[in-house]
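Listed below are the residues making up each chain.
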Amino acid sequence: MKLGVVGLPNVGKSTLFNAITHAGAEAANYPFCTIEPNVGIVAVPDERLDKLAALYQSKKITPAVVEFVDIAGLVKGASRGEGLGNKFLSHIREVDAIVHVVRCFEDENITHVENTVDPVRDITTIELELILADIEAVEKRRDRIRNAARGGSDKSAAAEFAFLDKLSKHLEEERPASSLPVTEEEKELLDNLFLLSAKPVIYCANISEADMGAASDANPHVKAVKEYAKAHHAETIVICAKTEEELSQLSEEDRAVFLEDFGLEESGLDQLVRASYSLLGLISYLTAGEKETRAWTIVKGTKAPQAAGKIHSDFEKGFIRAEVVDYQTLLDCGGLNGAREKGKVRSEGKDYVMKDGDVVLFRFNV
């Protein structure tokens, strides 16, 4: 899973990225300090892995991961080439979802490209640029298939052209592609366009340290972002990027004390990773043994053979069955042998739909 961290210049994108990945992307008080996208990999928090690894005395733990891409700050006119323009937009096309960082703090020492803090204005600035870029992409596709669709003999081209016409009108009303009602056939056409405004979004409200914890509820900028997100069927995560960067440098024990002082159960970064993982409808199944305990990422609804194929294509080709036990049941039984003795291990076939937390042993033959 690849997520693009985006936002206007000086909203805290690179600071947040540093905290997520410890990659040290330069964070400076001027636009376009991040020119090439920085890429970092971060583990999906999953305490189940540690407990399974302890049970099996595993030599290695491999968590599921999220890839974050820190993309250069956007300005008005990016769709027409302003700032980093199309270079920025091309980087967004490559991600699965967008983490949109929005400034929700006042600081006279950090400039804002619009001179004032107004998160909803900032959100709409970026979203309009994405929509304008999508209008251009849709028009190019229409021109490409116009001749094939014109006579009506090519029914698939004619159907696509009609859909593109509907989509174009929707975008020209400054509405994102994600809000267009589509049929199953149209959804496939929409997905194949890889439109920027069709990507799922998490709004990340970046606050000051003074507003951390319960105080964030009183921040009017945070309230505005949450209301906007709710109206657009999106999620909001509230985070202090500067503090999260400092937290990322602490030991696990010191981090726990820090969070407790603010009355928080987990860091903003853990919330963000979990929300991002959930945003795309992903779950993890688990494998465990002496060599390795590992989480494998799959889409909700994936059946057992395709899940096995995540480990190796031969597992899917030669799939026989999956021996499955729920994670908590496995722990309660003290391991796989104990679960078998109590009849808790299920033998599932090709139609079994995997569940989050399934601990699996695949049987296959090639």
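Above this text is the structure in question.
Residues numbered from 1 in each chain as written. Predicted model: local features only at pLDDT ≥ 70, side-chain atom pairs only at ≥ 80, totals over all residues. Heavy atoms only, no water.

**Q** If you had to explain the nonpolar core to someone new, which residues and values would you point to?
**A** Counting 60 residues, the largest nonpolar core has Leu16, Val66, Phe68, Ile92 and Tyr203 as its most contacted members. The contacts of Val66, once residues within four sequence positions are left out, are Met1, Leu3, Gly40, Ile41, Val42, Val44, Val273 and Tyr277. (Core = buried A, V, L, I, M, F, W, Y, C linked by side-chain atoms within 4.5 Å. Buried < 20%, exposed > 50% of the residue type's maximum accessible area, 1.4 Å probe, protein only. Contact = heavy atoms within 4.5 Å.)

**Q** Mind laying out the sheet that holds strand S5 (residues 97–103), listing which residues take part and the relevant values?
**A** The mixed open sheet is built from six strands, whose spatial order is S2-S4-S1-S5-S6-S7. Each edge of the open sheet is held by one strand with a lone partner, namely strand S2 (38–43) and strand S7 (235–239). Across this sheet, the average inter-strand angle for adjacent strands is 25 degrees, counted without regard to direction. Both S5 and strand S6 (residues 201–206) contribute to a ladder of six bridges, which runs parallel. By the bridge assignment, His100 is partnered in S6 with Tyr203. Contacts between helix H7 (residues 220–231) and the sheet are confined to S5, S6 and S7, with S7 contributing the most and set at about 160 degrees to the helix. (Pairing = 2+ DSSP bridges. Helix = DSSP H or I, 4+ residues; strand = E, 2+ residues; numbered from the N terminus. Axes fitted to C-alpha atoms, helices over the stretch in contact; angles between N-to-C directions.)

**Q** Lay out the layout of surface pockets with the relevant residues and their values.
**A** Empty space left among the atoms is revealed by rolling a probe the size of a water molecule over them. By volume, the largest pocket amounts to about 1,000 Å³. Lining the largest pocket are 35 residues, and of these Val44, Pro45, Asp46, Asp270 and Arg274 lie nearest its centre. Among the elements of the structure, helix H1 (13–21), S2, helix H2 (47–56), helix H8 (241–247), helix H9 (252–261), helix H10 (268–279) and strand S8 (282–287) are those that each provide at least two residues to the lining of the largest pocket. Its residues placed into classes, the lining of the largest pocket shows 18 nonpolar, four polar and 13 charged. (1 Å grid on protein atoms, 1.4 Å probe; cavity = no way out; pocket = protein on both sides within 12 Å on 5 of 7 lines; lining within 4 Å. Points joined across faces, edges and corners; volume = space filled by probe spheres on them. Nonpolar A, V, L, I, M, F, W, Y, C, P; charged D, E, K, R; others polar.)

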